[in-house]
Amino acid sequence: MLRRLTLGFAGVVTAAIAIAACSSSDATQSISVGPNFTSQTLYAADVTQNAVNIYTPNPKTTAGPQYQIGGGSTSLAGPQYLTFDSASNLWVTNWLSSVTSGEVLEFKAEATGNVIPYQTFSTGNVRPRGIADVLYTFSGTTTTADVLAVAVVDPSQSAGFNSGVQFFTAALLTSAYQTIAGPATGLNVPSGVAFDAKDNLYVSNLQGASVEVFSLPSVTPAPTPTATPTPSPTPSPTPSNSTPTPIPTTAATATPLNIAPVATISGSASGIHQPTGLALDTNGRIYVADQASTVCTPSCPAILIFPAGSNGAVTPQSISGTNTGLTAPTDVKVDKSFNIYVADEKAGQGVVYVFAAGATGNVAPVATLNATGALIGLALTP
């Protein structure tokens, strides 16, 4: 049985240092923990600055990031997509295209500045994109573990198996315990991933013009629960990628599951053509960021909004048109009040557009959050 858990940040009392934008070459920045970020704080992956921007809740229009994770110690080099686990730790997929090198990085809750990741997993030349977390409860037990789903493109695999989703137990990020891949999956360059309240996994197909829905593969055997240290407010870097103890026991990487999805949203009526990120709100509605949706003629950037449980050629509502400001949306997230956040590359100058709850049509955003570089993925703290 699977279930989701939402926790607020632990109250860590420490002096925090707001930092300016930084690049991956800057290894001298201060490290701080905090402030005590509240629920619904927005994080955005800045691929140009090799950083993660942090925007406090309810920011004013045209506001820039108030805090940032960035600098040489962070290992951020082409950050892509983001998620939070049940303990509010931040997970980032990383892709350095110049050397075709991918990673999955974990940063402890409330970390800011030039901080060393707590865990780093190299994916080699396998490109990781979207990432999502779910809290897994093992059948017949009370043991739980955070499970990560990561959309990947693996050039080492044969044709038809190079697009997939890998699953990891977050306690020890050593190898995937299972992968969904193969012709039956319908996956073709997967991009965004998200879980619904029933723990079904939704995957946007960047080159497949669809959203595929899968049941989560079970974890066998269960990892041994491990304690993790509380972040330290020390100004000196403390390596956080050391191996936790005791070491969890995980299964070896299994043969990819070539399984059919339990649902597929596609077809001309859906308007899906070039989907990037996606999200679900607490009512199960499905939001898809599409850079060339066919809800316009011939196409346009749009946010497509589907009813909960959609399957097949479902006609969506949409946010699209010149008033929206959308140019090249890369990700979308929805907060607990149903406000809609959209990351947009906007010709290399990243912005986050905030649309009011229930917004549809050719509407203007209620706020525009600025960045110093192109933005990819978004995440909201639980």
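Every chain's residues receive numbers from 1 upward, in the order its sequence appears when written. Predicted model: local features are reported for residues with pLDDT of at least 70 only, side-chain atom pairs are reported and counted for 80 or more only, and whole-chain, interface and lining totals are derived from all residues. Only hydrogens and water are removed before side-chain values are computed, so all heavy atoms of the structure are retained for them.

(A) Representation of the sheet that holds strand β17 (residues 263-266) in the model. When DSSP finds two or more bridges between two strands, those strands count as paired. Under the scheme used here, helices are H or I runs from DSSP no shorter than 4 residues and strands are E runs no shorter than 2 residues, and both carry numbers assigned from the N terminus. Overall, antiparallel pairing links the 4 strands, which are arranged β14-β15-β16-β17 in an open sheet. The sheet is open, and its two edges are formed by β14 (190-195) and β17, each paired on a single side. Neighbouring strand axes in the sheet, compared pairwise and without regard to direction, differ in orientation by 20° on average. Examined bridge by bridge, strand β15 (residues 201-205) and strand β16 (residues 210-214) share 5 bridges and lie antiparallel to one another. Looking across to β16, one finds that Ser 204 is bridged to Val 211. Angles here are taken between N-to-C directions and fall from 0 to 180 degrees, while the axes themselves are lines fitted to C-alpha atoms, restricted in helices to the stretch in contact.

(B) Region of interest: the pairing of strand β12 (residues 163-169). Using a 1.4 Å probe on the protein chains alone, a residue whose accessible area is under 20% of its type maximum counts as buried, one over 50% counts as exposed, and one in between counts as partly exposed. For β12, the buried fraction is high: 7 of the 7 residues fall into the buried class. Here β12 shows a buried face lined by Ser 163, Val 165, Phe 167 and Thr 169 and a second buried face lined by Gly 164, Gln 166 and Phe 168. Inspection of the sheet shows strand β11 (residues 144-153) paired to β12 by 7 bridges, in the antiparallel sense. In the sheet register, Val 152 faces β12, and the bridge partner there is Gly 164. Judged from the 4 bridges that link them, β12 and strand β13 (residues 178-181) form a sheet pairing that is antiparallel. Each bridged residue has a counterpart across the sheet, and for Phe 167 the counterpart in β13 is Gln 178.

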